[in-house]
Amino acid sequence: MTVEDTVAPDAQCVLDFTLQLDDTGNANITVGDIDNGSTDACGVSDTVIDLTDFTCGDVGANTVTLTVTDNNGNTETCSTIVTVEDSVDPDAQCAPDFTIQLDGTGNASINDTDIEDGSTDACGIASTVADITSFDCNNVGTNTVTLTATDNNGNTGTCTTTVTVEDIINPTANCTADFTIQLDDTGVASITADDINVNSNDECGIASTDIDVTSFNCSVSDRKSTRLNSSHTYDL
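Owing to the predicted nature of the structure, the values given are computational and were not obtained by experimental measurement.

Participant: I'm lost on the overall build of the chain in this one. Help?
Facilitator: Secondary structure summary: the chain contains three helices and 16 strands in total. The C-alpha atoms of the chain give 39 Å as radius of gyration, which overshoots the globular expectation for 236 residues (18 Å, by more than 25%). Along the longest, intermediate and shortest principal axes, the C-alpha atoms of the chain span 150 × 20 × 20 Å. For the chain, buried positions account for 32% of its 236 residues. Surface summary for the chain: the accessible area is close to 13800 Å², and the carbon and sulfur share equals 43%.

Participant: Please explain the state of the cysteines as it appears in this structure.
Facilitator: Per the stated rule, a full pass over the model turns up four disulfides. The residue that forms a disulfide with Cys 13 is Cys 78, at a sulfur-sulfur distance of 2.0 Å. Given an S-S torsion of about 85°, the disulfide between Cys 13 and Cys 78 has right-handed geometry. Of this pair, Cys 13 sits in the segment before strand S1 (17-20) while Cys 78 sits in strand S6 (residues 75-85), placing them 65 residues apart in sequence.

Participant: Looking at this model, I keep getting lost on the sheet that holds strand S5 (residues 60-70). Mind explaining?
Facilitator: Sheet strands pair by backbone hydrogen bonding; their relative direction is either parallel or antiparallel. Read across the sheet, four strands follow the order S1-S6-S5-S3 without closing on themselves; strand pairing throughout is mixed. The open sheet terminates on both sides in strands that have one partner only, identified here as S1 and strand S3 (44-49). Here the strands of the sheet are splayed against their neighbours by 30° on average, with no regard to which way each runs. Direction of pairing for S5 relative to S6: antiparallel, over a ladder of 10 bridges. Residue pairing for S6: Val 68 is matched across the bridge by Glu 76.

Participant: Whenever I open this one, the sheet that holds strand S7 (residues 98-101) confuses me. Can you help?
Facilitator: The strand order across the open sheet built from four strands is S7-S12-S11-S9, with neighbouring strands paired in mixed fashion. Among the strands making up the open sheet, the edge pair consists of S7 and strand S9 (125-130). Each strand axis lies, on average, 30° off the axis of its neighbour in the sheet, ignoring direction. In this sheet, strand S11 (residues 141-151) lies alongside S9 in antiparallel orientation, the contact comprising five bridges. Pairing of Ser 127 across the sheet is with Thr 150, part of S11.

Participant: What's the story with the pairing of S11 in this structure? I'm lost.
Facilitator: One face of the sheet, then the other: side chains in a regular strand alternate in exactly this way. Bridging between S11 and strand S12 (residues 156-166) involves 10 bridges; their strand directions are antiparallel. Paired with Val 145 across the strands is Thr 161, a residue of S12. In textbook terms, the turn of a hairpin is the stretch between consecutive antiparallel strands, and for S11 and S12 this stretch comprises four residues, one of which, Gly 154, has a positive phi near 85°.

Participant: What exactly am I supposed to notice about the environment of Ser 190 here?
Facilitator: Mapping Ser 190 onto the fold places it in strand S13 (residues 188-190). Note on Ser 190: relative accessible area 56%, which makes it exposed. Between the alpha carbons of Ser 190 and Ile 100 there is a distance of 43 Å; along the sequence they are 90 residues apart. Residues in contact with Ser 190, not counting those within four places in the same chain, are Thr 214, Ser 215 and Phe 216.

Participant: What is the right way to look at the nonpolar core in this model?
Facilitator: One recurring pattern in soluble globular proteins is that nonpolar side chains are buried together. One finds Ile 100, Leu 102, Ile 115, Phe 135 and Val 163 to be the most contacted residues of the largest nonpolar core, which totals 18 residues. Elements that contribute at least two residues to this core include exactly S11 and S12. Val 163 has contacts with Phe 98, Ile 100, Ile 110, Ile 115, Phe 135, Gly 141, Thr 142, Asn 143 and Val 145, leaving out every residue within four places of it along the chain. Of all hydrophobic cores here, the second largest spans 16 residues; its members include Ile 34, Ile 49, Phe 54 and Val 84.

Participant: What exactly am I supposed to notice about the confidence of the model for the chain here?
Facilitator: In low-pLDDT regions, the fine details of the predicted coordinates are not to be read closely. Confidence in the prediction of the chain, expressed as mean pLDDT, is 93, and 93% of residues score 70 or more. Across residues 232-236, confidence stays below pLDDT 50; counting only partners more than four residues off in sequence or on other chains, it has 13 contacts.

Participant: I keep staring at the side chain of Asn 74 and nothing clicks. Help me out?
Facilitator: As for its placement among the helices and strands, Asn 74 is situated in the loop between S5 and S6. Of the residues examined, Asn 74 reaches a relative accessible area of 15% and is grouped as buried. Looking at Asn 74, its side chain comes within polar contact range of the main-chain oxygen of Val 7, at 3.4 Å.

Definitions and limits used
Residues numbered from 1 in each chain as written. Predicted model: local features only at pLDDT ≥ 70, side-chain atom pairs only at ≥ 80, totals over all residues. Heavy atoms only, no water. Helix = DSSP H or I, 4+ residues; strand = E, 2+ residues; numbered from the N terminus. Rg over C-alpha atoms; globule rule 2.2 N^0.38 Å. Buried < 20%, exposed > 50% of the residue type's maximum accessible area, 1.4 Å probe, protein only. Areas by Shrake-Rupley, 256 points an atom, 1.4 Å probe, with all protein chains shown as cover. Disulfide = S-S within 2.5 Å. Pairing = 2+ DSSP bridges. Axes fitted to C-alpha atoms, helices over the stretch in contact; angles between N-to-C directions. Contact = heavy atoms within 4.5 Å. Core = buried A, V, L, I, M, F, W, Y, C linked by side-chain atoms within 4.5 Å. pLDDT = per-residue confidence, 0-100. Polar contact = N/O pair within 3.5 Å; in protein donor to acceptor, adjacent residues only side chain to side chain.

Shown next, in the form of structure tokens:
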């Protein structure tokens, strides 16, 4: 009489679960993570799974199959869905602080690449975006620019660079045409900056105008040259 065992083992798999990638973009499991007490009347000789290692390319649902073999060569399988997630934020890297100059129109701009300085992520960078790229007279002084790096799985990391905006463009001083004033009966006369200034202008605004000579008397010559000085200031 020949006795045979043709009964397949009872393969038992754990319930579906989620697995997190580490900061290198890798994760792994063992048979013990999938096998949930598989049995056979004649004994189990081997249990193997078809997937043990996971990378960024496996983010999402993965069907892992457990194969159970008994001592007489019979096999049975079961499966567990392992959902791989990447929840590690990218390493956002920003450029050192720097200074930019406003142009003659009172404007300046930068690109995202002026702030980004080698941001990395094990699963790859999808985008890097700076929150401020355009500057005008209102931005003269220090400005904190934040870079947001987003990886291929939607995780984000941030860093900052201080961008100092300067206005070094002198205002345009416009003077009125030459004119004559009369000394009064005491032998004196005076003028103000408004008598000399004619629409002096600057893209960032005129803060003040002043002239170098305001008072005249009998001792001055018949012809006197007056200089107009214009300046601009900022509230920082």
